[in-house]
Amino acid sequence: MSAPTTPSSPATPPPSRPAVSEREAREVAEAAREQHWRKPSFAKELFLGRFRLDLIHPHPLPADEAVQRGEAFLAKLRDFVETRVDAARIERDARIPDEVINGLKELGALGMKIDPKYGGLGLTQVYYNKALALAGSASPAIGVLLSAHQSIGVPQPLKLFGTQEQKEKFLPRCARTDISAFLLTEPDVGSDPARLATSAVPDGDDYVLDGVKLWTTNGVVADLLVVMARVPRSEGHKGGITAFVVEADSPGITVENRNSFMGLRGIENGVTRFHRVRVPAAHRIGEEGQGLKIALTTLNTGRLSLPASCVAAGKWCLKIAREWSAAREQWGKPVAQHEAVGSKISFIAATTFALEAVTDLASQMADEDRNDIRIEGALAKLYASEMAWKMADELVQIRGGRGFETAESLAARGERAVPAEQLLRDLRINRIFEGSTEIMHLLIAREAVDAHLSVAGDLIDPGKSLSDKAKAGANAGVFYAKWLPKLVAGPGQLPTAYGEFKRDVDLSGHLRYVERTARKLARSTFYGMSRWQGRMETKQGFLGRIVDIGAELFAMSAACVRAELLRAQGRNGREAYQLADLFCRQSRLRVEELFGRLWNNTDDMDRKVVKGVLAGTYTWLEDGVIDASGDGPWIADTTPGPSEKENVHRPIR
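Residues numbered from 1 in each chain as written. Predicted model: local features only at pLDDT ≥ 70, side-chain atom pairs only at ≥ 80, totals over all residues. Heavy atoms only, no water.

Participant: What is the right way to read the packing of helix 13 (residues 374-399) against helix 17 (residues 437-448) from this model?
Facilitator: When two helices pack together, you describe them by how their axes are tilted relative to each other and by the distance separating the axes. Contact geometry for helix 13 and helix 17: axes closest at 10 Å, N-to-C directions at 150°. By the angle between their axes, helix 13 is roughly antiparallel relative to helix 17. By crossing handedness, the relation of helix 13 to helix 17 is classed as left-handed. Residues Arg374, Ile375, Ala378, Leu379, Lys381, Leu382, Ser385 and Glu386 of helix 13 pack against Thr437, Met440, His441, Leu443, Ile444, Glu447 and Ala448 of helix 17. In the contact of helix 13 with helix 17, the residues fall into eight nonpolar, three polar and four charged. (Axes fitted to C-alpha atoms, helices over the stretch in contact; angles between N-to-C directions. Helix = DSSP H or I, 4+ residues; strand = E, 2+ residues; numbered from the N terminus. Parallel < 35°, antiparallel > 145°, perpendicular 65-115°, else oblique. Left-handed = near helix turned anticlockwise from the far one by under 90°. Contact = heavy atoms within 4.5 Å. Nonpolar A, V, L, I, M, F, W, Y, C, P; charged D, E, K, R; others polar.)

Structure below.
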């Protein structure tokens, strides 16, 4: 049956999907980003050629009370997932059993990040991530359920932007009983929110929502929703994309489909239709038009849940690679002792160490709130999602045919049920959601060049007047006269710099490399801006490589700082130095390759071929195959109106 609808109608008809030019789309995105840097940022300074090691070293640490509270919960969570979670069942049934979700509620796992005064556990970001990693290692679907609920669902936006009344009303529910979801994406809207079509039309003390949302993680079972909708501009209403807390069982809401995917088979992800759904104005989060800013700010720390899951994946890959490669013999010795396999194992070990270093550092910085971590959080998500996928791929290769075989099949013929192929499928989405790799490159690149655009943006903007350009030119001259000379020399050229990192294994040379390379990266960015000026934003290949170099430098810095922390604490310090040294050596090879590809690449030819592909020039190359795709439109119809499908909404009770 379709969800019931209310007889009330909006004061004005909902707007159709807006026609948006490229420039207008950029302006919407630009208006949503944080315009000022009120706190220092290690990564921002790195992209400007300034290696501010003092911002991350000594490594920040959580308070003792936070550690005790966090460790106590981790012990309870470990016991729960070890005794009450059947990962094979979740994969087989493509569903987390209700009793598992209810058990998580009783444990308080829904309220890990919520303040104790609202019934939550009040864990720090560091321990929240550790909990997600632990739960996700038992079942990735559980990790996603908890993360989508707290990282981007109702609790985080309300924590940052909610009124006291909203916090008192919704947070106690989120902490113990109610599951939440975040609804932004639409069938024809991904990373271009300027085209958002779901409308919220003011009507008295309410807003009336109409539209369709896609890929609503937790949406099938959610009790509360954060919905982004467009408010039309009218008298007394600023309008714009706006955030609302919506009761999931409101009349007019229909969950029309429970989606299924190549991985994460247990997640409750659906399609949600809104038809004349009345939402009290008191449930609006922030002001009208602040929705995208709220979403982006929420994701600054919300994205850190993904690196946490990637760290867990790396740790498991290392464990399986170690055990399997010692047991499996070929040509008279364990396969781990063959260099071709051993190099893969060393890559997994070094990269896992670095990913944990990046995740813990960024998380602790988020907890301290001394630094602006918008770039660090984005870099952590980007880097971890890419490297975790590579580690899982290498594990499948190490396992050979058994890596391609399902755990169920392995068990059926009497072997250990190792779900390596499942891990590969589960991790693949991390390179797409919460900002695809391509979008993360552009987002980080925009922040990385912010200082340049602040002083010279009008100079390269074709829409600015000559007087504006003249003023920008003068400002740019002053900025670059001070900045460029500082990129010539620095501590990275001094043999004794960073000597406190020189132990039995010497990491000081890697930090000197980071300092020198940061200056080289800044010079390369400046050269690119000088060469392409206003066309810089179209050079996405160049910008992506700039960002990837910055990500490697951030990871190298984090790895070295973590190694020194572990040494100082007497926790496997020598081994940590060895792993940091290996990671930095591997990372430096990748950095040098990326620098080479800044100026020596096929970007221009790629664009020419793409134009030919779209024009049909190469359709002859497609001959000789059958397209097994089914019929239907590329993008489903999202015309506003009542639902004609059964409501598959299934709240957990």
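Participant: Would you explain the layout of surface pockets in this entry?
Facilitator: Gaps left between atoms are located by rolling a probe of water-molecule size over the structure's atoms. In this structure, the second largest pocket occupies an estimated 930 Å³ of space. Lining the second largest pocket are 32 residues, and of these Gln156, Leu160, Thr301, Ala366 and Asp369 sit closest to its centre. Looking at the lining of the second largest pocket, the elements with two or more residues in it are helix 8 (155-161), helix 9 (164-176), helix 10 (291-302) and helix 12 (339-368). Per-element tally for the lining of the second largest pocket: the top contributor is helix 8, with four residues. (1 Å grid on protein atoms, 1.4 Å probe; cavity = no way out; pocket = protein on both sides within 12 Å on 5 of 7 lines; lining within 4 Å. Points joined across faces, edges and corners; volume = space filled by probe spheres on them.)

Participant: Sorry if this is basic, but what is going on with unusual backbone geometry here?
Facilitator: Among all residues except glycine, the phi angle is most often negative; among peptide bonds, the trans geometry is most common. Cis geometry is adopted by the peptide bond preceding proline 58, which originates at histidine 57 and carries an omega value of 0°. The topology assignment puts proline 58 in the loop between helix 2 (42-47) and helix 3 (64-84). For leucine 264, which is not a glycine, the phi torsion comes out positive at approximately 50°. Mapped onto the fold, leucine 264 is located in the loop between strand 6 (253-258) and strand 7 (269-280). The exposure class assigned to leucine 264 is buried, which follows from its relative accessible area of 8%. Its identity is not glycine, yet asparagine 572 carries a phi of approximately 55°, on the positive side. Topologically, asparagine 572 is positioned in the loop between helix 21 (540-568) and helix 22 (573-599). (Buried < 20%, exposed > 50% of the residue type's maximum accessible area, 1.4 Å probe, protein only.)

Participant: Help me understand helix 7 (residues 140-152), please; the structure alone is not making it clear to me.
Facilitator: Every α-helical turn comprises 3.6 residues, leaving residues that sit three or four positions apart pointing alike. Taking 1.5 Å of rise per residue, the 13 residues of helix 7 would be expected to cover 18 Å, and the 17 Å separating its terminal C-alpha atoms lies within 8% of that figure. Judged by how many residues are buried, helix 7 sits mostly within the fold: twelve of 13 residues are covered. Within the sequence span of helix 7, burial applies to Ala141, Ile142, Gly143, Val144, Leu145, Leu146, Ser147, Ala148, His149, Gln150, Ser151 and Ile152. (Expected span 1.5 Å × (residues − 1).)

Participant: Is there a simple way to explain the confidence of the model for the protein in this structure?
Facilitator: For residues with low pLDDT, the predicted coordinates do not support detailed interpretation. Of all residues in the protein, 95% attain a pLDDT of 70 or more, and the chain-wide mean is 92. Every residue in residues 1-15 scores below 50 in pLDDT, and together they form 34 contacts with partners more than four places removed in sequence or on other chains. (pLDDT = per-residue confidence, 0-100.)

Participant: I would appreciate a short explanation of the pairing of strand 7 in the present structure.
Facilitator: Looking along a regular strand, one sees the side chains alternate between the two faces of the sheet. Most of strand 7 is tucked away, with nine of its twelve residues classed as buried. For strand 3 (residues 206-217) and strand 7, the ladder comprises nine bridges, and the chain directions are antiparallel. For glycine 211, the partnering residue across the bridge sits in strand 7 and is phenylalanine 274. (Pairing = 2+ DSSP bridges.)

Participant: Just checking my understanding: could you explain the environment of lysine 105 for this structure?
Facilitator: Here lysine 105 lies in helix 5 (residues 98-107). It is 8.0 Å that separates the C-alpha atoms of lysine 105 and alanine 175, two residues lying 70 residues apart in sequence. Those residues in contact with lysine 105 that lie beyond four places of it in its chain are Leu110, Arg176, Thr177, Ile179 and Ile652. Here the side chain of lysine 105 touches threonine 177 through a polar contact of 2.9 Å, landing on its backbone oxygen. (Polar contact = N/O pair within 3.5 Å; in protein donor to acceptor, adjacent residues only side chain to side chain.)

Participant: Would you mind showing me how to read the packing of helix 12 against helix 13 here?
Facilitator: Between helix 12 and helix 13, the least distance of the axes is 10 Å, while the angle of their chain directions is 155°. The orientation of helix 12 with respect to helix 13, classified from their angle, is roughly antiparallel. Crossing of helix 12 over helix 13 shows left-handed handedness. From helix 12, Val341, Lys344, Ile345, Phe347, Ile348, Thr351, Thr352, Leu355, Val358 and Met365 reach across to helix 13, where they touch Glu376, Ala380, Tyr383, Ala384, Met387, Ala388, Lys390, Met391, Glu394, Leu395, Gln397 and Ile398. Per-class residue counts for the contact of helix 12 with helix 13 are 15 nonpolar, three polar and four charged.

Participant: So what exactly am I meant to see when it comes to the packing of aromatic side chains here?
Facilitator: The description of two aromatic rings rests on the distance between their centres and on the angle between their planes. Throughout the structure, instances matching the rule amount to 13 aromatic pairs. Between the aromatic rings of phenylalanine 42 and phenylalanine 554, the centroid separation amounts to 6.0 Å while the plane-to-plane angle is 45°, which identifies the pairing as tilted. Pair noted here: phenylalanine 42 is in helix 2 and phenylalanine 554 is in helix 21, with a separation of 512 residues, a long-range link. What makes phenylalanine 42 buried here is its relative accessible area of 0%. Using a relative accessible area of 1% as the deciding quantity, one classes phenylalanine 554 as buried. Residues phenylalanine 526 and tyrosine 527 carry aromatic rings whose centres are separated by 6.4 Å and whose planes lie at 55° to one another, so their mutual orientation is tilted. Given the relative accessible area of 18%, phenylalanine 526 is considered buried. (Phe/Tyr/Trp six-rings, centres within 6.5 Å; stacked < 30°, edge-to-face > 60°.)

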